[in-house]
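Chain by chain, the residues:
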Amino acid sequence: MPAGPPSMSPSTHHPTEQRADRQQEQNTNTPGGRSSETDWQRDDSERKRDLLIEVLVRGKAFDQARSLVRFARDIIAQHGATVRVDWHGHDDRGLALANSLEAIAAGADRIHGCWLGIGERVGNTSLDQLWLNLAMMRGNLDATSDLRALRDVCEKVSEATRTPISADYPLLGANAFRTGTGVHASAILKAAARGDRALADRVYSSIPASVLGRRQEICIGPMSGLSNVHYWLRQAGIPDTPGLAAAVLQAAKQSDRNLTDSEIRHIVEAVSRGAAQ
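The rules behind each value
- Residues numbered from 1 in each chain as written.
- Predicted model: local features only at pLDDT ≥ 70, side-chain atom pairs only at ≥ 80, totals over all residues.
- Heavy atoms only, no water.
- pLDDT = per-residue confidence, 0-100.
- Helix = DSSP H or I, 4+ residues; strand = E, 2+ residues; numbered from the N terminus.
- Contact = heavy atoms within 4.5 Å.
- Core = buried A, V, L, I, M, F, W, Y, C linked by side-chain atoms within 4.5 Å.
- Buried < 20%, exposed > 50% of the residue type's maximum accessible area, 1.4 Å probe, protein only.
- Polar contact = N/O pair within 3.5 Å; in protein donor to acceptor, adjacent residues only side chain to side chain.
- Patch = residues over 30% accessible without salt bridge, like charges linked within 9 Å, V, L, I, M, F, W, Y side chains within 5 Å.
- Areas by Shrake-Rupley, 256 points an atom, 1.4 Å probe, with all protein chains shown as cover.
- Salt bridge = Lys/Arg side-chain N within 4 Å of Asp/Glu carboxyl O.

### Quick notes on the confidence of the model for the chain
- Per-residue pLDDT for the chain has a mean of 78; in total, 76% of the residues score no lower than 70.
- Averaged pLDDT values for the elements of the chain fall to 41 in helix H1 (residues 15-28) and rise to 94 in helix H6 (residues 148-161).
- Low pLDDT (under 50) marks residues 9-42, which in the prediction has 39 contacts with non-local residues, meaning those over four places away or in another chain.
- Within the model, pLDDT remains below 50 along residues 47-62, and this stretch shows 32 contacts once partners closer than five positions in the same chain are excluded.

And the structure:
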C-alpha cells in the first residue's frame, strides 16, 4: 500500500484548546488571576505562536476553509514569522473531508483526523477517506494497488472502539460495491463478457473492489432488470430455466428494497415446484 501523506496526524487537542490551557495556568499563578506577562515582555517566538492561535480563533467568521488558511498564511507572512499551519476539522455540517482537502490546497502543513472519522460531536475528518482521496489525486492508486491493510486497520479500530462501520460507509461499508440498478448490472456484465475484468471492476465504481480484496456485487431489487437476475443465477450456479428470471424480477419489482439471497432462493424453489407439478 502506498505510504500515506506525512501531513496527516491523529487528532489530539486543537491548538486553541492548548492555548486556553496555558492561559488558565498563567491566570492561576498571578495575583488577581491575571498574567503578569505583557506582550512586550514575551520573546519573539512566543508572539509568533500566539499570532497563529489568534488567527485560528478569529477564523470562525470565515465560511471557506481555503480562505481561512490563506488568511492565516498572509498574516504570518506580514509578521515575518515561520509558523506551520495545522487544520483541525469537525464534521458538524458534513464538510470535514471537503474542508480538509481545501485546507491542503491552500497550503496547510498538517491535517488532523481520526480513523473512521471518530471524534467529538459528529466526528472529525476521516483519515482513511482523506488518505484515499489524496492517493487518488496524486495518481498513487490504480487497479494493482492493495488496500487490504487500510481495510484491516479500520476494522480493528471499529472493533476496539465499538464503533460499527455503517453499510453505506465509503470504501469499507457492506454496500460500497453493491448495486441493484439494472443499467449498472448490464454494464458490469457486458465488460465481464468481453473478458475485461478491470473494466467490470471500474465501470460504475471509482475505486476497484479488488484492491480491498472484495468484488462487485449485483443485487436484485425494484430498480433491477433481467441482467441482474441472470447474473445472480449464474453466480449461484442455478440453471436459468424458462420463466424463472421473470418470476424473480416480478417479485423484486413489488418490493421496496433489494431482495435477500434467501428470498431469491425461496422464489426459485417455488418456481421449481410449480414447474414440477
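### Considerations on the nonpolar core
- Core analysis: the largest hydrophobic core is formed by 17 residues, its most contacted members being Leu132, Leu147, Leu171, Leu172, Ile207 and Leu212.
- Those elements that place two or more of their residues in this core are helix H5 (127-137) and H6.
- Apart from residues no more than four positions distant in its own chain, leucine 132 is found in contact with Leu141, Leu147, Leu171 and Ile207.

### With respect to the side chain of arginine 151
- The topology assignment puts arginine 151 in helix H6.
- A polar contact of 3.1 Å, which involves the side chain of arginine 151, links it to the side chain of aspartate 152.
- Not counting the four nearest positions on each side in its chain, arginine 151 is found in contact with Leu172, Leu212 and Gly213.

### A look at a nonpolar patch on the surface
- Together, Val183, Leu199, Val203 and Tyr204 make up an exposed nonpolar region whose accessible area comes to about 320 Å².
- Tracing the backbone through its elements, the reader meets leucine 199 in helix H8 (residues 197-202).
- You can call leucine 199 partly exposed: its relative accessible area is 32%.

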